[in-house]
Amino acid sequence: MIKPTALLSFPQDRRLTREEAMSLIDLADPAPLLAAAAARRDAAHGAFISYSRKVFIPLTQLCRDVCHYCTFAHPPREGERAYLTPDEVLAVAEAGKRAGCKEALFTLGDKPELRYRRAREELDALGHSTTLSYLAEMAALVLAKTGLLPHVNPGLMADEDLAALRRVSVSQGIMLESASERLCGKGMAHHGSPDKAPALRLDTIRRAGEQRIPFTSGILIGIGETRAERIDALLALRDINDAHGHIQEIIVQNFRPKPGTRMAAVPPPSLDDHRWTIAVARLLFEPEMNIQAPPNLSPGELTELVAAGINDWGGVSPVTPDHVNPEAPWPQLKVLEAATEAAGKHLTERLAIYPAYARRPFDWVEEKLHKPLYDLIDGDGWPRSDPWCPGRADPSPLLEATLVHAGRPKSVAGDLRDILAKADGAEPLTEAEIVRLFRARREEFTAVCRAADDLRRKVNGDAVSYVVTRNINYTNICYFKCQFCAFSKGKLSENLRGRPYDLDMAEVAGRVREAWQRGATEVCMQGGIHPSYTGQKYLEILSAVKEAVPGIHVHAFSPLEVAQGAKTLGLPVAEFLADLKAAGLGTLPGTAAEILDDEVRARLCADKLNTAEWLDVMRAAHGLGFRSTATIMFGHIERYEHWARHLIRIRDLQAETGGFTEFVPLPFVHMEAPIYLKGRSRPGPTFREAVLMHAVARLALHPHITNIQASWVKLGADGVRHCLEAGVNDLGGTLMDESISRAAGASHGQEMTPQRMEEIIRSAGRLPRQRDTLYRDAGEERRARAFASARERARAAQAVPEPA
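None of these values were measured; they are calculated from a predicted model. (Residues numbered from 1 in each chain as written. Predicted model: local features only at pLDDT ≥ 70, side-chain atom pairs only at ≥ 80, totals over all residues. Heavy atoms only, no water.)

Caption draft 1: View of the overall build of the chain. Looking only at helices and strands, the chain features 31 helices and 18 strands. Rg of the C-alpha trace for the chain: 30 Å, near the compact-globule value of 28 Å for 804 residues, within the 12% margin. In terms of its C-alpha atoms, the chain occupies a principal-axis envelope of roughly 95 × 60 × 55 Å. Evaluated residue by residue, the chain yields a buried proportion of 60% over its 804 residues. Roughly 29,800 Å² of accessible area belongs to the chain as shown, and the carbon and sulfur atoms make up 53% of that amount. Side chains of the chain carry 100 positive and 104 negative charges; the gap between the two charge centres is 2 Å. (Helix = DSSP H or I, 4+ residues; strand = E, 2+ residues; numbered from the N terminus. Rg over C-alpha atoms; globule rule 2.2 N^0.38 Å. Buried < 20%, exposed > 50% of the residue type's maximum accessible area, 1.4 Å probe, protein only. Areas by Shrake-Rupley, 256 points an atom, 1.4 Å probe, with all protein chains shown as cover. Lys, Arg positive; Asp, Glu negative; His and termini not counted. Charge placed at Lys NZ, Arg CZ, Asp CG, Glu CD.)

This is the structure we're talking about:
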């Protein structure tokens, strides 16, 4: 038994026991129960209520069951087909696609071919022996032709049916409705409906879990069951989910009497009864469980349902009716949004597969479905909020751009305020706290960006620095098989566009001299890991540079190149680094980091350095007095917790060594990347995520790393302007020859002149500062030479006559 007052302090890490839930059946005052459920919901789901924009495809309305409340199913009718044809299915799906739907919900009667000859004959004409076989074909058709993600509600299924449908859908479902065998008795709601036997439905749900299928289920209240029987049904679902973790939502659906049915005179459950059941369900399950109530079945009562603890409205269709409840039209999305806002929450779209499952596709989704899923989601498994992609010449999305420039948010959740205050106070953030920052949306997004920019102003002032540099990628031949890389070429790499090359030392020296003549203070040098290269090759490159221009700073060789060079010479890494330093190496780029988490690296760059090895090379370099940059390449297969772990590992090494000069987020450019072309990654981060990475890095790395850089090559001029209001104080290098992002499909150019760089900085209301690699002011001679060279090149370009 649990006292009502104890509910107000019910622990988030505990769930109601059966005995405690039963003690709430005759609760006189539901207020403590409702408050506890709402608080539990808020702790896990925050300020958002989700829904899926779907199109409803009633494949067949024939059914062998005779549920006494149902008007969806009916016997064969003269002049009506038993099944939608492929053309009819596709027409419905295409209408949904045009209306912005992302889910194709297939609903159908249970095994009508076992009852009706008409069903068997039509299936035979369609080339199928079962309804479920035809369903699989239609789900595959809709996916292939429209890109809508199928969700199927097919009733009882054998193992082979579950497996076949898993291959063509991202999620499946079956309502338990009730765990009471009593309701199958004579005169009860499920009498004469063999597929509604609770044991059979629970068995299907259990076997779906064994096959790792994201699954929806729930209960139907008001059909003759008792509150105790509702609790037992919810507990039966909880037990199965504890074993398999595949139930992504619990629906608490209220019965509505329908004319023409045997239960037409049965009164529906009251609002209070519905709210009681929602609240108990919330407390019976872990806080993260999604608890849903269909909005069209409770018109005018949506605020009360939110207060009871739901976090999801289910599927809402802008184009098709609710064929199961045709008397209850879907609320228009604007109406649903207004009702959700009135309840103090924000409406947000999800997919048929919930985010927790979408962000782990290797665990939960058939491989051939990865591409259509990846194309739709962000790094947290929610639908992409904008069409923007790094490297493309896309304008910044209006919504997020507006939020960055908005005034200070009126209010944000208390936990977020605490995290921002902790970051401002230079206290180290935990993984969970950093993930919470990455999940910021709407006014929370603005708050995080503002906090980061306030911290930037306090640490760096209003100056924005940049360096005049030249990129020299000395070879694009590489024997590593990094799945994201479109730059490397050769027999042992993923062969993509462009020809393999390996610059000779005369060419390298010539490019260095030209860079110096154009005002550069630095050359940035990296390349593929050529099969013939040894550590001696890197020493020869340094010799060529220093002979050509002794005074130029050499920023070169990623930890991967250092480790490979040391290995080929049979030297410890520290000893090889010392040789590089003696030969003229100035600093190291912090590339080849990608995501510093071995779960990601195993799929992304399995033959590369692991996380510990990358950190060890940097630790050794810093120990010898080298400074280096640190990077993250994000927006492909990783999750927000991987971003957080990466930041923490960089922060902790910096606290140990102090060797990092800056942190550089590098959004994944997908267009020509092998992993994307094979359908195995997202198309880069969203604009919201790209901006947030810079803001969160500023907060999470404070006070250890004080310079946060934005890449104009990845983000474009418009993108970096927004990042300048989210904690960024550096725009990196002018580059002169950028080829790695360009090989991946980026279209923001190979070079940015100092004039253009300073124009962008001033347009953001900031003060430009030309620097060197170590963040000292560039010398006046170098600065003057860089500007003069850019003017000379511009005049020369104008003087070149147009080709005939």
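Having seen the model, we can carry on.
Caption draft 2: Spotlight on the nonpolar core. Of all hydrophobic cores here, the largest spans 134 residues; its most connected members are Val448, Met525, Phe557, Leu580, Phe663 and Leu731. The dominant element in this core, judged by the number of residues it contributes, is helix 27 (residues 687–701), at eleven residues. The next biggest cluster of nonpolar side chains, apart from the first, holds 84 residues, and it includes Ala104, Leu162, Phe215 and Ala236. (Core = buried A, V, L, I, M, F, W, Y, C linked by side-chain atoms within 4.5 Å.)

Caption draft 3: Region of the structure containing the packing of aromatic side chains. All chains considered together, the criterion is met by twelve aromatic pairs. Seen in terms of ring centroids, Tyr538 and Phe557 are 5.0 Å apart; in terms of plane orientation they differ by 55°. Their pairing is tilted. One end of the pair, Tyr538, is in helix 20 (residues 535–548); the other, Phe557, is in the loop between strand 13 (553–556) and helix 21 (559–569), and 19 residues separate them in sequence. A single burial state applies to Tyr538 and to Phe557, both of which are buried. Pairing Trp614 with Phe660 gives two aromatic rings, centres 6.5 Å apart and planes at 20°, and the pair type is stacked. Here Phe660 lies in strand 16 (residues 660–667) and Trp614 lies in helix 24 (residues 611–623), a separation of 46 residues in the sequence. The exposure classification of Trp614 matches that of Phe660, with both residues buried. The rings of Phe438, Phe634, Tyr640 and Trp643 are connected pair by pair, giving a single aromatic cluster. Sitting over the ring of Trp516, Arg782 keeps its end group 3.7 Å from the ring centre. (Phe/Tyr/Trp six-rings, centres within 6.5 Å; stacked < 30°, edge-to-face > 60°. Lys NZ or Arg CZ within 6 Å of the ring centre and 35° of its normal.)

Caption draft 4: Structural context of the sheet that holds strand 18 (residues 767–771). The strand order 17-10-18 describes an open sheet built from three strands, whose pairing is parallel. In the strand order of this sheet, the two ends are held by strand 17 (730–733) and strand 18, each with one partner. Ignoring strand direction, the axes of neighbouring strands in this sheet form an average angle of 20°. Note that strand 10 (residues 463–467) and strand 17 share two bridges and pair parallel. Of the residues in strand 17, the one forming a bridge with Ser465 is Asp730. (Pairing = 2+ DSSP bridges. Axes fitted to C-alpha atoms, helices over the stretch in contact; angles between N-to-C directions.)

Caption draft 5: Main features of the confidence of the model for the chain. Across the chain, the average pLDDT comes to 93, with 94% of residues at 70 or higher. Here residues 487–497 is a poorly scored stretch, pLDDT under 50, and it has 42 contacts once near neighbours within four places are set aside; other chains count. Low pLDDT (under 50) marks residues 738–748, which in the prediction has 45 contacts with non-local residues, meaning those over four places away or in another chain. (pLDDT = per-residue confidence, 0-100. Contact = heavy atoms within 4.5 Å.)

Caption draft 6: Layout of helix 16 (residues 414–424). All of the buried residues along helix 16 are Leu416, Ile419, Leu420, Lys422 and Ala423. Across the axial projection of helix 16, the buried residues extend over an arc of 160°, all falling on one side. Against the buried residues of helix 16 lie helix 17 (431–438), helix 18 (443–460) and helix 27. Positive backbone phi, approximately 65°, marks Ala426, located one or two places after helix 16. (Arc of directions from axis to C-beta.)

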